[in-house]
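Each chain is listed here by its residues.
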Amino acid sequence: MSHKAGYVSIIGKPNVGKSTLMNALVGERLSIITPKAQTTRHRILGMVNTEEYQIIFSDTPGIIKPQYELQDAMMTAVKGALSDADLILFVTDINEKHDENDVLEKIAKTEIPIIVLINKIDNANQELVDEKTKYWQERLNPKQIFAISALHQYNLDGLLDTVLSYIPEHPAYFDKEELTDRSMRFFVSEIIREKIFQNYQKEIPYSTEVIITAYKEAESKSGPMIRITAEIIVERDSQKNILIGTGGAMLKKVGMEARKDIEKFTGEKIFLETFVKVIPDWRSKKNYLKNFGYEN
Ligand SMILES: Nc1nc2c(ncn2[C@@H]2O[C@H](COP(=O)(O)OP(=O)(O)OP(=O)(O)O)[C@@H](O)[C@H]2O)c(=O)[nH]1
Ligand SMILES: [Mg+2]
């Protein structure tokens, strides 16, 4: 019996709904989602497995012109996702008027087939959908254009069938039991980062990294649990103070929200301990970025 397997890269500007789309397609909350731009910092694989096929989606950071080393590393992750893909899903937000030339530059030279996804049509009228469809048809001449809502999972069924038609015959790349290439520790750190994106304004989310320093199975009075220690890294003392909040209230809130979601994700009882540490300008230092798992 023939078997299909291949890589599908989800790319586009920040905040257009790439992570929402990947989670909807995979059916799991793998990638964190926030209303802020530049939420995703790594390439994250999410797989759809059946007996007949394995589709490996790559969620990627939104494409920007990098201003510091961390953003450089984020764009390296995008580059990787473009070089090995069998298909590109270019996601665009119907309501955004941002300049997408940097994305188009990156995909202009490629031989990889492209499907355009016009996302967030839940808030748009049909006229705008038609107008944007025409625009992207002329601009990119893609294989196909879908108007979708990743959030409301609208028009995604037909999309999966179309995606499959671009997947070559190939044996599975990963074990069929796998959903992702990332570890539990990675997802735990991402969940904490999501809560920081949701609870703080301005530069705090962008100056923060989360490192899991311990992840141990343990026993509690009420049965087995996992003890997790997380280090939250910021760039300055002033940021540390904001993060902790008066009497530790803010950090406590973040810890509680994160713990609840980690329990949902792992299905285990969690004890979460957090520490805040200052590393001046970590976002601009290659050695720290490498330690934190960013590509160079
Ligand atoms: N109304 C509406 N909102 C959406 C839709 N899809 C995503 N969103 C919202 O758009 C925001 C950004 O979504 P993400 O999935 O994090 O976007 P992203 O492209 O992964 O963003 P980066 O990781 O920053 O590049 C979130 O607030 C989502 O809830 C949609 O179909 N309709
Ligand atoms: Mg994202």
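Residues numbered from 1 in each chain as written. Chains lettered and ligands numbered in written order. Predicted model: local features only at pLDDT ≥ 70, side-chain atom pairs only at ≥ 80, totals over all residues. Heavy atoms only, no water.

Q: How do you make sense of the overall build of the protein when you look at a structure like this?
A: Tallying secondary structure elements over the protein gives nine helices and nine strands in all. Since a compact globule built from 296 residues should have a radius of gyration of about 19 Å, the 20 Å found for the protein is in line with a globular shape. Its C-alpha atoms put the protein at 55 × 45 × 40 Å along the principal axes. The burial tally for the protein puts 51% of its 296 residues in the buried class. Relative to all contacts within the protein whose residues are 6 or more apart in sequence, the contacts with residues 24 or more apart total 73%. Approximately 14,500 Å² of the protein is accessible, and the part contributed by carbon and sulfur atoms is 48%. Charge-centre separation for the protein: the mean point of 39 positive side chains lies 7 Å from the mean point of 43 negative side chains. (Helix = DSSP H or I, 4+ residues; strand = E, 2+ residues; numbered from the N terminus. Rg over C-alpha atoms; globule rule 2.2 N^0.38 Å. Buried < 20%, exposed > 50% of the residue type's maximum accessible area, 1.4 Å probe, protein only. Contact = heavy atoms within 4.5 Å. Areas by Shrake-Rupley, 256 points an atom, 1.4 Å probe, with all protein chains shown as cover. Lys, Arg positive; Asp, Glu negative; His and termini not counted. Charge placed at Lys NZ, Arg CZ, Asp CG, Glu CD.)

Q: Quick question: what am I supposed to make of the site of ligand 1 here?
A: Residues in contact with ligand 1 amount to 23 residues; listed here are only the nearest, Lys18, Thr20, Gln38, Thr39 and Asp122. In this structure, an oxygen atom belonging to ligand 1 sits 2.7 Å away from a main-chain N or O atom of Gln38. Here Asn119 contributes a side-chain N or O atom positioned 3.2 Å from an oxygen atom of ligand 1. Starting from 670 Å² of accessible surface for ligand 1 in isolation, the protein chains cover 90%. Sorting elements by how many residues they give to the shell around ligand 1 places helix H1 (residues 18-26) first, with three residues. Residue classes in the shell around ligand 1 are distributed as seven nonpolar, twelve polar and four charged. (Near = heavy atom within 4 Å. Polar contact = N/O pair within 3.5 Å; in protein donor to acceptor, adjacent residues only side chain to side chain. Nonpolar A, V, L, I, M, F, W, Y, C, P; charged D, E, K, R; others polar.)

Q: When you look at the side chain of Arg41 in this model, what are you seeing that I'm missing?
A: When you line up the elements, Arg41 lands in the loop between H1 and strand E2 (44-49). In this structure Arg41 comes out as buried when scored by relative accessible area, which is 2%. A distance of 3.1 Å separates a polar side-chain atom of Arg41 from the backbone oxygen of Pro205. One polar contact links Arg41 to Glu209, side chain to side chain, over a distance of 3.3 Å. Once residues within four sequence positions are removed from consideration, Arg41 is found in contact with Pro61, Leu70, Met74, Arg193, Phe197, Pro205, Tyr206, Thr208, Glu209, Trp282 and Tyr294.

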